[in-house]
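# Survey of secondary and tertiary structure
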Amino acid sequence: MAQLSDDCFAFGGPMMSVDEAVGLITTRVNAITDLETVALVDADGRVLERDIAAPLPLPPFTNSAVDGYAVRNADLPQSTEQALPLDGRIQAGGLAQAPIKPGHAARIFTGAPLPPDAETVFMQEDVRIDKSGKVVLPPGLKPGANVRPAGEDIPEGYVALRAGQRLRPQHVALAAAFGLSSLDVVRRIRVAVFSTGDELASPGEPRAASQLFDSNRFMLMAMLRRLGCEVSDLGILRDERTSLANGLKQVAGSHDLILTTGGVSTGEEDHVKAAVESIGSLVLWRMAIKPGRPVAMGIIDGTPLIGLPGNPVASFVTFVHVVRPTVLALAGSLPEPLTSIPVRAAFTYKKKAGRREYVRVSLRRGEDGMLEAIKFPREGAGLLSSLIETDGLVELAESVTGVEPGHSVGFLPYAVLR
């Protein structure tokens, strides 16, 4: 389990910026060191435990990049076309044991090994076969054309996969190209997820007239699983300090992270702060972000706790900027900063300086072909429809005080927020 000292997140001063909060988390969370070996087919999304150096060059042998005809450089036509007799036929997966005879060409197919002494390949569509069965080669082809040298992609011994890399399908493909059938990865981060509040009912259970079905918990669990976490669904904790404290205490020793949603503001019925302080330590920061200002970070028996706001949009946004980097840090993952895409604003928006804000937008293509961001027509951090009916978030930096149509703004598509 992750073990943190009770004061490692202590800070004082004004409202914390997003970058300060992320820096605090990623530099002070202790990475999990437990590992496991997984089959290659199960490696997608996992964090690699150690560097992998190429055990062989890629490609492992010099081969043809096209279907065509292999020749020696000494036999390349210079100023006029030249007809060469054929000497052999080499298919992909076959062997080219004998050198090409001087003044001859060999029929060859994509991926087939080049014969000894062969150095250049003519594409089949650039040649013709004459009546005598010779291949007629045009002049002007550069020596070495259409050939993939051994090690052209990756030389043997090159560190091609790095420890801390969160594996994606292309990384899995590279491991397979090395002939590996399994990989050593960091075990999955174990996260306990609670919702808090008497106003919530779990889907599938009876709902009182004054209650809402709990949606945040299921959204957060889905986002955690996309990050490769092992998630424990621990239901809803009621608005009572002792039961909150007991529920959190019970899971601290068996999980790497505790994630709650709701109950972290300053209202009389927001009990998470007091509950955590009674069994551990909690530093409640008001992060300079909208939506999502009330975010809590604490420690219970060495296990970090993050308390997210109860409004679903605020919970979504703060998950991306607080929980995501925490999970990656716990897994020892290399940094994965979110990079926004410049698009053109098609809306007007005013904001306060000193606070980072995220505006829900849809994309459309303007008459000039440029992508434009259209703001969701309604405000409110409780509108789940605003996450469904938009394509992503426009990120407005702390220094920005307003947006006008035509301004360039940074767009974060939902597809990258994982």
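Details of the structure are given in the entry above.
The sections below set out a description of the structure shown in this document. Residue positions are given per chain, counted from 1 along the sequence in the order it is written. With the structure being a predicted model, the display of local features is reserved for residues of pLDDT at least 70 and the display and counting of side-chain atom pairs for 80 or more, all residues being used for whole-chain, interface and lining totals. Heavy atoms throughout the structure, all of them, feed into the side-chain values; hydrogens and water do not.

### Looking at the sheet that holds strand E5 (residues 82–84)
Any two strands between which DSSP finds at least two bridges are classified as paired. Helical segments are the DSSP runs of H or I of at least four residues, strand segments are the runs of E of at least two, and each set is numbered from the N terminus. Taken in spatial order, the 3 strands line up as E5-E10-E9 in an open sheet, and their pairing is antiparallel. Sheet topology places E5 and strand E9 (128–129) at the edges, where each strand pairs with a single neighbour. Judged from the 2 bridges that link them, E9 and strand E10 (residues 135–137) form a sheet pairing that is antiparallel. Across the sheet, the residue bridging to Ile-129 is Val-135, located in E10.

### Overview of helix H5 (residues 272–279)
Buried residues of H5: Val-272, Ala-275 and Val-276, and no others. The buried residues of H5 occupy an angular sector of 95° when the element is viewed end-on, so they sit on one face. We call a residue buried when its accessible area falls under 20% of the maximum for its residue type, exposed when it is over 50%, and partly exposed in between, using a 1.4 Å probe and counting protein chains only. Read the arc as the range of directions from the helix axis to the C-beta atoms.

### Notes on the packing of helix H1 (residues 18–28) against helix H6 (residues 312–330)
Axis separation between H1 and H6 bottoms out at 9 Å; the angle between their running directions is 25°. Comparing the axis directions of H1 and H6 gives the class roughly parallel. Crossing handedness for the pair H1 and H6: right-handed. For the pair formed by H1 and H6, the contact residues are Val-18, Val-22, Ile-25 and Thr-26 on the first element and His-321, Val-322, Pro-325, Thr-326 and Ala-329 on the second. Orientation is described by axes fitted as lines to C-alpha atoms, over the contacting stretch for helices, and by angles from 0 to 180 degrees between their N-to-C directions. Convention used here: angles under 35 degrees read as roughly parallel, angles over 145 as roughly antiparallel, angles from 65 to 115 as roughly perpendicular, and any remaining angle as oblique. We call a crossing left-handed when the near helix sits turned anticlockwise from the far one by less than a right angle, and right-handed when that turn is clockwise. Working rule for contacts: check all heavy atoms of both residues, and any pair within 4.5 Å makes them a contact.

### Section: the nonpolar core
Only buried residues count toward a nonpolar core, which is a set of Ala, Val, Leu, Ile, Met, Phe, Trp, Tyr and Cys residues joined through side-chain atoms within 4.5 Å. Membership of the largest hydrophobic core comes to 48 residues, with the highest contact counts inside it found for Leu-224, Leu-259, Ile-306, Phe-316, Phe-319 and Val-323. Counting only elements with at least two residues in this core, the list comes to H1, strand E14 (190–196), helix H3 (216–226), strand E18 (257–261), strand E21 (294–300), strand E22 (303–308) and H6. The element contributing the most residues to this core is H6, with 12 residues. Setting aside residues no more than four positions away along its own chain, Phe-319 makes contact with Leu-220, Met-223, Leu-224, Leu-227, Leu-259, Leu-308 and Arg-324.

### Quick notes on a positive patch on the surface
Residues qualify for a patch when their relative accessible area is over 30% and they have no salt bridge, like charges being joined within 9 Å and the nonpolar side chains of Val, Leu, Ile, Met, Phe, Trp and Tyr within 5 Å. Computed with the Shrake-Rupley method and a 1.4 Å probe, the accessible areas treat only the protein chains shown as cover for residues. Take a side-chain nitrogen of Lys or Arg and a carboxyl oxygen of Asp or Glu: if they are within 4 Å of each other, that pair is a salt bridge. By the counting rule applied here, Lys and Arg register as positive and Asp and Glu as negative, while His and the ends of each chain are not counted. Charge coordinates come from a single atom per side chain, which is NZ of Lys, CZ of Arg, CG of Asp or CD of Glu. Together, Arg-286, Lys-290, Arg-293 and Lys-352 make up a positively charged patch on the protein surface. With respect to the element layout, Lys-290 can be found in strand E20 (residues 289–290). Taking relative accessible area as the criterion, Lys-290 reaches 39% and is therefore assigned partly exposed.

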